[in-house]
Amino acid sequence: MDPTEIEDLPGTSRLLDQGEILLSPPPTKSVNDPLNWSSFRKYWHALLVCFIAGFTAATSNDAGSAQFGENEELGITYASMNTGAGVLFLGIGYGTLVLSPAAWLWGRRSTYLFCITMGLIGAIWMTKTESTSDSIWNQLFVGISESCAEANVQLSLSDLFYEHQRGTFLGVYVLATSVGTYLGPLIAGFIADSSLGWRWIGWWAVIISVATILTLYFTLEETMFDRPAYEIGETNAAQTPGTDPELGADEKKRPPVSQMLNNDAVTTTADQSELPKTYWQRIALITPAPNLVGFGFQQYCTRLVHTMRVFSFPAVIYSGIQWGAQDAWLTFYLTVEDDDWSSAPWNYGDVGVGLMNLPCLIGAVLGCFYGGYFSDLFMIWMAKRNGGIREAEHRLWFLFPLAIIGPLGMLLFGIGTGQGWVWPGPYVGLGLIGFGWGCTGDLSMAYLMDAYPEMVLEGMVGVSVINNSIACILTFTASMWLDSQGVQNTFIVIAALDFVFVMTTVPMMIWGKNCRRWTKTRYLDFVRIRDSL
């Protein structure tokens, strides 16, 4: 095959033509197309949904800072609180699955508002905790609140930005999640150690949740857009400079990026027969899908069952394992920080333990730039070398250094803890672990979205279920494993496991395109059936 020819596969597309980036998905002429929104509207929406990701990650990780107070005041055992963490992961993973059809049928906004409301209920329950059952079951609601950040945020970002920008904005999403994951326990530790007491961890979550709900209700616009119902006219395609006349119809519809840089220019060429939505239409609580029948409850159930088909796609399994492993290791090193570093020879309090998350956060920030913005530049560079053609597997090259960086961090932290090191070994290790956290999930999720661009929500749902199921299982076993083998030996084992998990990238590099070829019909059927439900 001529290297400039394109095989008709999901995840294989022409990214460059005569040095110009071709836009995918192709923007329509509609003034209501989120791709045609002004920069301010796009970035404000992205800021809001990334704040949701960061805030829900923070509330999902702040319960550990209340453990000492709950144990001392109420006699709730640490084992029971560990059970609550397992319930939290179940709420996240399976909440994501149950919630997924709603974003298609009733709009993205409704899912965000619902989830933050669930988090509000969980936070209020936490402030009123009096028993073990309270401590465990408020975490279910907190977990459900984060479920909207596991798939819907990625869907919203894909509504707003083009495929060649995907890694960058997924990097911003993972950065927001990292900030919440690592700063949440730190801030909660300061609250628990202050005169306010541990219950105010919940009260602050209540205050921020109420403010977030109000902000979302009045300023978060709906991004659901019936893109298939709009077609770019042949006139627009014919006038697209730099378009190869030998390309297929789909390629002709994709204008160069330079033609679309000015959003105002897009608006002036929009279909003049369509009026922009009013403010109240843009912030409607429910935006019914064009094919919604009645209240859509039957469609909801059918779509929920249909979503289960995503587990037959190898890329979903691969991405879920990569992201799930990072969450699993999170459980181990946070447990060690709480249990070991709060005793001799370190004797850290809640604040001291919380400050140990700063190296993780610094590493995660660097990882998000590496796995986000720089991976996008790498994809463009690879496309130039490949005759302008982008393959989804190009992004996977960035994962190979993580097979060394992540395990090295775990060895430094685990052995350093086992040997009683103080500085700098364990902290450098946490920074390396944070770097892996910041980009392993980003890169694997971006690969999945590159491979199956019309299956973003359902693909992320599959990743979330796998990810949180792994995290749930290891949450229940982490303490027993650490008690049985000790910190040093446990971290040597999980460093080896992390190396093996990341190196599953090798078969994806070799056979990933064959997998996409093998699943092409299944993918097209999945999208066709979903859109007809």
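- In the nomenclature of an unreviewed UniProt entry, the chain is known as Major facilitator superfamily (MFS) profile domain-containing protein of Talaromyces islandicus.
- Regarding the chain, the relevant UniProt record gives this comment under Subcellular location (unreviewed entry): "Membrane".

### Section: the overall build of the chain
Point 1. Within the chain, the secondary structure is distributed over 22 helices and 4 strands.
Point 2. Taking 533 residues into account, the globule formula puts the C-alpha radius of gyration at 24 Å, and the chain, at 23 Å, falls close to it.
Point 3. Each principal axis of the C-alpha atoms in the chain carries an extent, and together these give about 75 × 50 × 40 Å.
Point 4. Long-range pairs, those at least 24 residues apart, make up 84% of the contacts in the chain between residues at least 6 apart in sequence.
Point 5. Counting 28 positive and 47 negative side-chain charges, the chain places the averaged centre of each group 10 Å from the other.

### As for the side chain of Gln322
Point 1. Tracing the sequence through the fold places Gln322 in helix α14 (residues 314-339).
Point 2. We classify Gln322 as buried; its relative accessible area is 1%.
Point 3. Within the structure, Gln322 has its side chain in polar contact with the side chain of Thr504 (distance 2.9 Å).
Point 4. Not counting the four nearest positions on each side in its chain, Gln322 is found in contact with Thr440, Ser444, Phe501, Val502, Thr504 and Thr505.

### What about the nonpolar core?
Soluble, globular proteins show a tendency: their nonpolar side chains are buried together.
Point 1. Core analysis: the biggest nonpolar cluster contains 102 residues, and Phe332, Tyr333, Phe413 and Phe491 have the highest contact counts within it.
Point 2. Element by element, the count of residues in this core is highest for helix α20 (residues 456-502), at 16 residues.
Point 3. Listed in part, the 7 residues of the second largest apolar core include Ala66, Ile191, Ala192 and Trp198.

### Here's the deal with helix α17 (residues 373-385)
Point 1. Here α17 spans 19 Å end to end across 13 residues, near enough to the 18 Å set by a 1.5 Å rise per residue.
Point 2. Burial in α17 covers these residues: Ser375, Asp376, Phe378, Met379, Ile380, Met382 and Ala383.
Point 3. Looking at the buried side of α17, the elements it contacts are β2 (16-17), β3 (20-21), α7 (166-193), α16 (357-371), β4 (389-391) and α19 (425-451).
Point 4. A positive phi of about 70 degrees marks Gly387, the residue just after α17.

### Quick notes on the packing of aromatic side chains
The geometry of two aromatic rings is summed up by the distance between their centres and the angle between their planes.
Point 1. One pass over the full model with this rule turns up 33 aromatic pairs.
Point 2. When the ring of Tyr217 is compared with that of Phe218, the centres are 5.1 Å apart and the planes differ by 80 degrees; the resulting orientation is edge-to-face.
Point 3. Ring geometry for Phe378 and Trp381: centres 5.8 Å apart, planes at 35 degrees, overall tilted. Here the residue Phe378 and the residue Trp381 both occupy positions in helix α17, the gap between them amounting to 3 residues, near one helical turn.
Point 4. Of the residues examined, Phe378 reaches a relative accessible area of 17% and is grouped as buried.

Cut-off values and rules
- Residues numbered from 1 in each chain as written.
- Predicted model: local features only at pLDDT ≥ 70, side-chain atom pairs only at ≥ 80, totals over all residues.
- Heavy atoms only, no water.
- UniProt positions renumbered as here; feature names shortened; annotations may be inferred.
- Helix = DSSP H or I, 4+ residues; strand = E, 2+ residues; numbered from the N terminus.
- Rg over C-alpha atoms; globule rule 2.2 N^0.38 Å.
- Contact = heavy atoms within 4.5 Å.
- Lys, Arg positive; Asp, Glu negative; His and termini not counted.
- Charge placed at Lys NZ, Arg CZ, Asp CG, Glu CD.
- Buried < 20%, exposed > 50% of the residue type's maximum accessible area, 1.4 Å probe, protein only.
- Polar contact = N/O pair within 3.5 Å; in protein donor to acceptor, adjacent residues only side chain to side chain.
- Core = buried A, V, L, I, M, F, W, Y, C linked by side-chain atoms within 4.5 Å.
- Expected span 1.5 Å × (residues − 1).
- Phe/Tyr/Trp six-rings, centres within 6.5 Å; stacked < 30°, edge-to-face > 60°.

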